[in-house]
Amino acid sequence: MKHQLYRKQQLHCDIQTAWDFFSSPMNLSKITPDDMGFTVLSDFRKEPIYEGMIIDYTVSPILGIPLKWRTRITQVDSLKSFTDLQEKGPYKYWNHFHEFIPNADGVLMKDTVDYELPWGMLGAIAHQTFVRNKLESIFDFRYRVLEQKFKI
């Protein structure tokens, strides 16, 4: 069963600042809770995001057990949007569309994550029991961090 997580947030900065921050994989660990053990393994310190870019991470979402996660950037529209698709990781399917819309107050950022868990009925139970709540808490954390980073 496919699920969707949708969030939007007003950032008080210009589009270039927002794009530079979010399109750098090196900033992901800054907006992920410490208890996730999120580490970017790839080294893209100065390389701009591009279609086909592969990013490797480790993440420990359950009981501190590290999992390898690999995403591929499947779409980039500079200063507007990009999409990362899980190639290897804990989900059966994970597609995260990031959108940036300039407005009078700065930039409206939208996240749309389409995802599916493996294991059929067990995955559905896991989603109801803890996965959905865990994803919500990760994006709540991200919201709070970004409110501080891009405050007026």
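Residues numbered from 1 in each chain as written. Predicted model: local features only at pLDDT ≥ 70, side-chain atom pairs only at ≥ 80, totals over all residues. Heavy atoms only, no water.

A. Examining the environment of Phe-21 more closely. Along the chain, Phe-21 falls in helix H1 (residues 15-22). Residue Phe-21 is classed as buried on the basis of its relative accessible area of 9%. Ignoring sequence-local partners within four residues, the contact set of Phe-21 consists of Asn-27, Lys-30, Ile-31, Leu-146, Lys-149 and Phe-150. (Helix = DSSP H or I, 4+ residues; strand = E, 2+ residues; numbered from the N terminus. Buried < 20%, exposed > 50% of the residue type's maximum accessible area, 1.4 Å probe, protein only. Contact = heavy atoms within 4.5 Å.)

B. Broad picture of the layout of surface pockets. Taken as a whole, the largest pocket holds about 810 Å³ of empty space. Lining the largest pocket are 41 residues, and of these Val-59, Trp-69, Tyr-91, Trp-94 and Leu-135 sit closest to its centre. Those elements giving two or more residues to the lining of the largest pocket turn out to be H1, strand S3 (54-59), strand S4 (67-77), strand S5 (81-88), strand S6 (93-103) and helix H2 (120-149). Take the lining of the largest pocket: its biggest share by element is eight residues, from H2. (1 Å grid on protein atoms, 1.4 Å probe; cavity = no way out; pocket = protein on both sides within 12 Å on 5 of 7 lines; lining within 4 Å. Points joined across faces, edges and corners; volume = space filled by probe spheres on them.)

C. Spatial organisation of the packing of aromatic side chains. What the rule picks out here adds up to 14 aromatic pairs. Look at Trp-19 and Phe-82: their rings are 5.7 Å apart centre to centre, the planes differ by 90°, and that puts the pair in the edge-to-face class. Here the residue Trp-19 occupies a position in helix H1, and Phe-82 occupies one in strand S5, the gap between them amounting to 63 residues. Judged on exposure class, the residue Trp-19 and its partner Phe-82 are both buried. On the basis of an interplanar angle of 85° and a centroid distance of 5.3 Å, the ring pair of Trp-69 and Trp-94 is categorised as edge-to-face. Here Trp-69, found in strand S4, pairs with Trp-94, found in strand S6; they are 25 residues apart in sequence, far enough to count as distant. One aromatic cluster is present, built from ring pairs that chain together Trp-19, Phe-21, Phe-22, Phe-82, Phe-100 and Phe-150. (Phe/Tyr/Trp six-rings, centres within 6.5 Å; stacked < 30°, edge-to-face > 60°.)

D. Spatial organisation of the sheet that holds S3. Pairing is antiparallel in the open sheet, where seven strands are placed in the order S1-S7-S6-S5-S4-S3-S2. The open sheet has two free edges, formed respectively by strand S1 (2-11) and strand S2 (39-40), since each of these has just one partner strand. Those strands touched by H1 are S1, S4, S5, S6 and strand S7 (106-116), and its axis lies near 160° from that of S6. Against the sheet, H2 engages S1, S6 and S7, with an angle of about 15° to S1. (Pairing = 2+ DSSP bridges. Axes fitted to C-alpha atoms, helices over the stretch in contact; angles between N-to-C directions.)

E. Region of the structure containing the side chain of Thr-112. Inspection of the secondary structure puts Thr-112 in strand S7. Judged by relative accessible area, which is 18%, Thr-112 ranks as buried. Thr-112 has contacts with Gln-4, Leu-5, Tyr-6, Asn-95, His-96 and Phe-97, leaving out every residue within four places of it along the chain.

F. Just the side chain of Thr-71, in detail. With respect to the secondary-structure elements, Thr-71 resides in strand S4. According to the relative accessible area criterion, Thr-71 is buried, its value standing at 2%. Those residues within four positions of Thr-71 in sequence are excluded, and the remaining contacts are Met-53, Ile-54, Ile-55, Tyr-57, Asp-84, Leu-85, Gln-86 and Glu-87.

G. Summary view of the pattern of salt bridges. Applying the stated criterion across every chain yields a total of six salt bridges. Where Lys-134 meets Asp-35, a salt bridge forms, and the shortest distance between an N and an O atom there is 3.7 Å. Of this pair, Lys-134 sits in helix H2 while Asp-35 is found in the loop between H1 and S2, placing the two residues 99 residues apart along the sequence. On the basis of relative accessibility, which here comes to 24%, the residue Lys-134 falls in the partly exposed class. Judged by its relative accessible area of 55%, Asp-35 is exposed. Connected via shared salt-bridge partners are Arg-7, Glu-136 and Asp-140. (Salt bridge = Lys/Arg side-chain N within 4 Å of Asp/Glu carboxyl O.)

Without other data, these values stay purely geometric and don't point to any function.
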